[in-house]
Amino acid sequence: MNDTPSVPPPGDRSNVPTPPPAQPQYFPFGGSPTPPAAAPEQRRPGRTAFAASVVAASLLVGGAAGVGGAAAWNEWHPAGSDSATASPSGRTTSQVVDTPATEAADHSVEQVAAKVLPSVVKIEVTGPQEAGSGSGIILSSDGQILTNNHVVELAGDSGKISVSFNDGTSAAAKVLGTDPLTDTAVIQAEGVSDLTPATIGKSADLKVGEGVVAIGSPFGLESTVTSGIVSALNRPVDVGSDGQGNSTTYPAVQTDAAINPGNSGGPLVDLDGNVVGINSSIRTTGTSSASEESGSIGLGFAIPIDEVLPIVDQMVKGETPTHARLGISVSDVAAKAGSGAEVTQGAEIQDVSAGSTAANAGLAKGDVITKVDDTLITGSDSLVATIRSYRPGDKVTVTYDHDGSTKTAELTLDSDAASSNS
């Protein structure tokens, strides 16, 4: 669409003010960029050395604990006893018992993990200048996998992509399609079959406070499960642009389930184990950059699955993804000194494209859009994210302020299919 705020539509940035990003910032996570040749050989030995030292320490501590533990057991428990005992003074000791094996409770994190883990992969990417890792969601038994664009874009035209499955096997993969505007991509694992596709849910059914589970490979630690709640819905998240006018903005599902570098592209699922979002970004506390890989502070963001399924279908078919647009450029509302009745929040129109659906509906420069259907518009990112949640051809009602008067317009959203602008 052409409704880009601080980051304008691809191909036309001439009339769009670009305010500096507020801090803290949102950052997409796809893994730590490292030199391509050194990445696998430097990171893996580092992790291996760390693991080896931990194991060695565990053996030493474990051995000491074994001797001391046996002595303590003999002192506290008579030989042959497996229950708590009481001394003549009435002193009791701890009882050691087996934990019985039980079935996971319905809607428990344990049950969700058992269902979803076979459908989640680790993705490792090596490009001409960088390398990184992320996660992915299996869509088909023959290896179609959904992930983030920012995970696979490191490969460029000549890099390599490798996919590791939950059963320990791996395969090479190639890109089927990418969409920078929604930060999504579909890849194809080669020579695989009988995979377990994920079950896709409906992000529209989510409620604030509902339990969710995030699964992926944070910092390369595959098959990691974290849990939390939906802490907000339709949160406008703008993770920047590619320098060519492509703004990546979406109406995110916000969660406090831990999301870290490497979780990108993995699923956010409800407690039925259905995918409701694609884990994609996190908010930081300061001015750190994406390369510094700040960890989770409980503010993670997932792309709602409902909004991207039509785009996923287009990528799978080899088509260029399309997006809805109004045909305008917008910015946050500018303060107008001396007026006590001005609109204080919304998306202020800076330019209207001739022949666009917005122009045909009578919207003009200076109008402030405050609502699309029932969704309140709080700023330029909010409008972009909201319009991106629709498809070309959808009918919407736009509420806007024009010279102090509230007006509405019913219009049919344009498509960017024939234009580089979004």
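- An unreviewed UniProt entry lists the chain under the name Trypsin-like peptidase domain-containing protein, with Nocardioides luti given as the organism.

### Overview of the layout of surface pockets
Any empty space left between the atoms is revealed when a probe the size of a water molecule rolls over them.
For step 1, the next point in the chain: Within this model, the second largest pocket holds a volume of roughly 240 Å³.
For step 2, the next point in the chain: S203, A204, L206, L233, N234, P251, A252, V253, P304, D306, E307 and S389 together form the lining of the second largest pocket.
For step 3, the next point in the chain: When residues of the lining of the second largest pocket are traced back to their parent elements, those giving at least two are β9 (224-241), β10 (247-255) and α4 (305-316).
For step 4, the next point in the chain: The element contributing the most residues to the lining of the second largest pocket is β10, with three residues.
For step 5, the next point in the chain: Looking at side-chain class alone, the lining of the second largest pocket contains seven nonpolar, three polar and two charged residues.

### What about the confidence of the model for the chain?
For step 1, the next point in the chain: For the chain, per-residue confidence averages 80 on the pLDDT scale, and 73% of positions sit at 70 or higher.
For step 2, the next point in the chain: Across residues 1-24, where pLDDT falls below 50, the model places 91 contacts with residues more than four positions away in sequence or in other chains.
For step 3, the next point in the chain: For residues 30-82, every residue scores under 50 in pLDDT, and the model assigns this stretch 50 contacts once sequence neighbours within four places are set aside.

### Brief notes about the sheet that holds strand β5 (residues 160-164)
Neighbouring strands of a sheet are bound in pairs by backbone hydrogen bonds; such pairs are parallel or else antiparallel.
For step 1, the next point in the chain: The strand order around the closed barrel built from six strands is β2-β3-β4-β7-β6-β5, with neighbouring strands paired in antiparallel fashion. On average, each strand axis in the sheet is tilted by 40° relative to the strand beside it, whichever way the strands run.
For step 2, the next point in the chain: Looking at chain direction, strand β3 (residues 131-138) and strand β4 (residues 144-147) are connected through two bridges and run antiparallel. The residue of β4 that forms the bridge with I137 is L146.

### So, the pattern of salt bridges
For step 1, the next point in the chain: In the structure shown here, the tally under the stated rule is two salt bridges.
For step 2, the next point in the chain: With a shortest N-O distance of 3.9 Å, K122 and E124 are connected by a salt bridge.
For step 3, the next point in the chain: The buried category is assigned to E124, whose relative accessible area is 16%.
For step 4, the next point in the chain: The network of salt bridges with common partners includes K122, E124 and E222.

### Here's the deal with the side chain of R391
For step 1, the next point in the chain: With respect to the helices and strands, R391 occurs in the loop between α6 (380-388) and β19 (395-402).
For step 2, the next point in the chain: No salt bridge is formed by the buried R391. Its closest oppositely charged neighbour is D394, at 6.6 Å.
For step 3, the next point in the chain: Among the polar contacts listed, one links the side chain of R391 to the backbone oxygen of T322, at a separation of 2.7 Å.
For step 4, the next point in the chain: Once you skip the residues sitting within four places of it in the chain, R391 turns out to touch P310, I311, Q314, T322, H323, A324 and L413.

### Side note on the environment of V312
For step 1, the next point in the chain: Summarising the element assignment, V312 is placed in helix α4.
For step 2, the next point in the chain: In sequence terms V312 and V186 are 126 residues apart; their C-alpha atoms lie 7.1 Å from each other.

Parameters and conventions
- Along each chain, residues carry numbers from 1 onward, in the same order as the chain's sequence is written.
- Where local features are concerned, this predicted model is filtered to residues with pLDDT of at least 70; where side-chain atom pairs are given and counted, the filter is 80 or more; whole-chain, interface and lining totals use all residues.
- To obtain the side-chain values, all non-hydrogen atoms of the structure were included, while hydrogens and water were left out.
- Note on definitions: the grid is 1 Å and covers protein atoms alone; a cavity is a set of points where a 1.4 Å probe fits but cannot get out; a pocket is an open set with protein on both sides within 12 Å along at least five of seven lines; lining residues have an atom within 4 Å of a point.
- Grid points are joined across faces, edges and corners, and a volume is the space filled by probe spheres set on the points.
- Think of it this way: any DSSP run of H or I at least four residues long counts as a helix, any run of E at least two long counts as a strand, and we number them from the N terminus.
- Residues were grouped as follows: Ala, Val, Leu, Ile, Met, Phe, Trp, Tyr, Cys and Pro as nonpolar; Asp, Glu, Lys and Arg as charged; and all remaining residues, including Gly, as polar.
- pLDDT expresses how confident the predictor is about each individual residue, on a scale running from 0 to 100.
- Note on definitions: a residue-residue contact is assigned when non-hydrogen atoms from the two residues lie within 4.5 Å.
- The criterion for strand pairing is that DSSP finds at least two bridges linking the strands in question.
- As a rule, the C-alpha atoms of each element are fitted with a line to give its axis, helices using only the stretch in contact, and angles between N-to-C directions run from 0 to 180 degrees.
- Salt bridges are identified by distance alone: a Lys or Arg side-chain nitrogen within 4 Å of an Asp or Glu carboxyl oxygen.
- We call a residue buried when its accessible area falls under 20% of the maximum for its residue type, exposed when it is over 50%, and partly exposed in between, using a 1.4 Å probe and counting protein chains only.
- For the purpose of charge, His is not counted, nor are the chain termini; Lys and Arg are scored as positive and Asp and Glu as negative.
- Counted as a polar contact is a pair of N or O atoms within 3.5 Å, where, for protein atoms, one must be capable of donating a hydrogen and the other of accepting one, and residues adjacent in sequence contribute only when both atoms are in side chains.

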